[in-house]
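Here is what each chain is made of, one letter per residue.
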Amino acid sequence: MTYCILGFCADTGQSGIAYTTVTLAGGGTSPFYSYGGDIIVVQAYGNLATAVAGARALEESDDLDTVVECMAAADDAFEYRQVGIMRRSGQFTARTGSSARPWAGHETGDHHIAMGNVLVGPEVVSNMTQAFEANRSLPLADRLLTALEAGRAAGGQQAPGDQRYDERSALLKIMGASDAQPHVPALDLRIDMQSDAVTALRKAYEIYRPVIARRARRATDPNADLPTSEWEAINMIDNPPPPSLRAG
């Protein structure tokens, strides 16, 4: 009941993930992140303990086959899981367990993994791959979110009968805030409990987009930053966020 895409941009050195599921607050129960900025996703009966085991294994080994073996050893139900790992270096691997509920599978391509389970069919994953590869000129966040939208357009999640599950939570996260902070998130947006969460995520991203560079700058030079209300009035006038001030 989940589909996601993990990607790496060789030009910026950023890595990231776009993710959606019918599960409430799925962005907090499936992806995990190492101290080094690696992304470890365990979905299809997601298990954060398995993802934590993967993050710990990454501290000891650069061999991703060894890391997956360590995750399997820590999880008696590993064949029910889908695993995707995207390292900050761009190194990646993916695995779909033999007991993951159909349709389940993954595709890998140039710097990305697209994967999902309980989908209407393989076209969901294929559409994500095609959209990611067709939009190389876009920033990584835009490429990932556009790919996620392509998966939804292909049908997304399959429900019993002729129905399909709604996307009720979604996530967009980019690792690599700046050259000085390569392991820090540049962007971390989540929709936890909302119908059509992918559309809500797109709206949030379009509003938040100018803030990405601001957060990177203020981390290294806070003295140069304006108060939030003043900064937003200057930089977010075309696509304003909710009001920042209220009567005392």
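Calculation criteria
- Think of each chain on its own: its residues are numbered from 1, step by step along the sequence as written.
- Predicted model: local features are reported for residues with pLDDT of at least 70 only, side-chain atom pairs are reported and counted for 80 or more only, and whole-chain, interface and lining totals are derived from all residues.
- Each side-chain value is derived from all of the structure's non-hydrogen atoms; neither hydrogens nor water enter the calculation.
- In short, DSSP must find at least two bridges between two strands for them to pair.
- Numbering of helices and strands runs from the N terminus; a helix is a DSSP stretch of H or I covering at least four residues, while a strand is a stretch of E covering at least two.
- Axes here refer to lines fitted to C-alpha atoms; in helices the fit is confined to the stretch in contact. Angles between the N-to-C directions go from 0 to 180 degrees.
- Residue contacts are defined here by distance: any two heavy atoms, one from each residue, within 4.5 Å place the two residues in contact.
- Side-chain atoms within 4.5 Å link the members of a nonpolar core, which is a set of buried Ala, Val, Leu, Ile, Met, Phe, Trp, Tyr and Cys residues.
- The buried label applies to any residue whose accessible area, calculated with a 1.4 Å probe on protein chains only, is under 20% of its type's maximum; exposed applies above 50%, and partly exposed to all values in between.

Novice: Quick question: what am I supposed to make of the sheet that holds strand β5 (residues 82-86) here?
Specialist: Whether parallel or antiparallel, the strands of a sheet pair through hydrogen bonds between backbone atoms. Pairing is antiparallel in the open sheet, where 4 strands are placed in the order β3-β4-β5-β6. Edge strands, defined here as strands with exactly one partner in the open sheet, are β3 (31-33) and β6 (92-96). Strand-to-strand twist of the sheet, defined as the mean angle between neighbouring strand axes without regard to direction, takes the value 10°. Of the pairings in the sheet, the one linking β5 to β6 comprises 5 bridges and is antiparallel in character. Note that in β6 the partner of Q82 across the bridge is T96.

Novice: How should I be thinking about the sheet that holds strand β1 (residues 2-8) in this particular structure?
Specialist: Taken in spatial order, the 6 strands of this open sheet run β7-β8-β1-β2-β9-β10, and their pairing is antiparallel. Each edge of the sheet is formed by a strand with only one pairing partner; in this case those strands are β7 (105-109) and β10 (185-191). The mean inter-strand angle of the sheet, taken between neighbouring strand axes irrespective of direction, is 5°. Sheet topology places β7 next to strand β8 (residues 112-117); 5 bridges connect them, and they run antiparallel. Of the residues in β8, the one forming a bridge with G105 is G116. Packed onto the sheet, helix α4 (residues 140-153) meets β1, β2 (15-21), β9 (169-175) and β10 and runs at close to 155° relative to β1. Sheet contacts for helix α5 (residues 197-220): β2, β9 and β10; angle to β10, the most-contacted strand, approximately 150°.

Novice: Help me out: how do you make sense of the nonpolar core in this one?
Specialist: The tendency in soluble globular proteins is for nonpolar side chains to be buried as a group. Counting 32 residues, the largest nonpolar core has I5, M128, L144, L172 and L201 as the members making the most contacts within it. Looking at this core, the elements with two or more residues in it are β1, α3 (123-134), α4, β9, β10 and α5. It is α4 that provides the largest number of residues to this core, a total of 7 residues. Non-local contacts of I5, meaning those with residues more than four positions away in its chain, are made with G16, I17, A18, H112, I113, A114, M128, F132, L144 and A147. Counting 14 residues, the second-largest nonpolar core is a separate cluster that includes I17, I113, M115 and L171.

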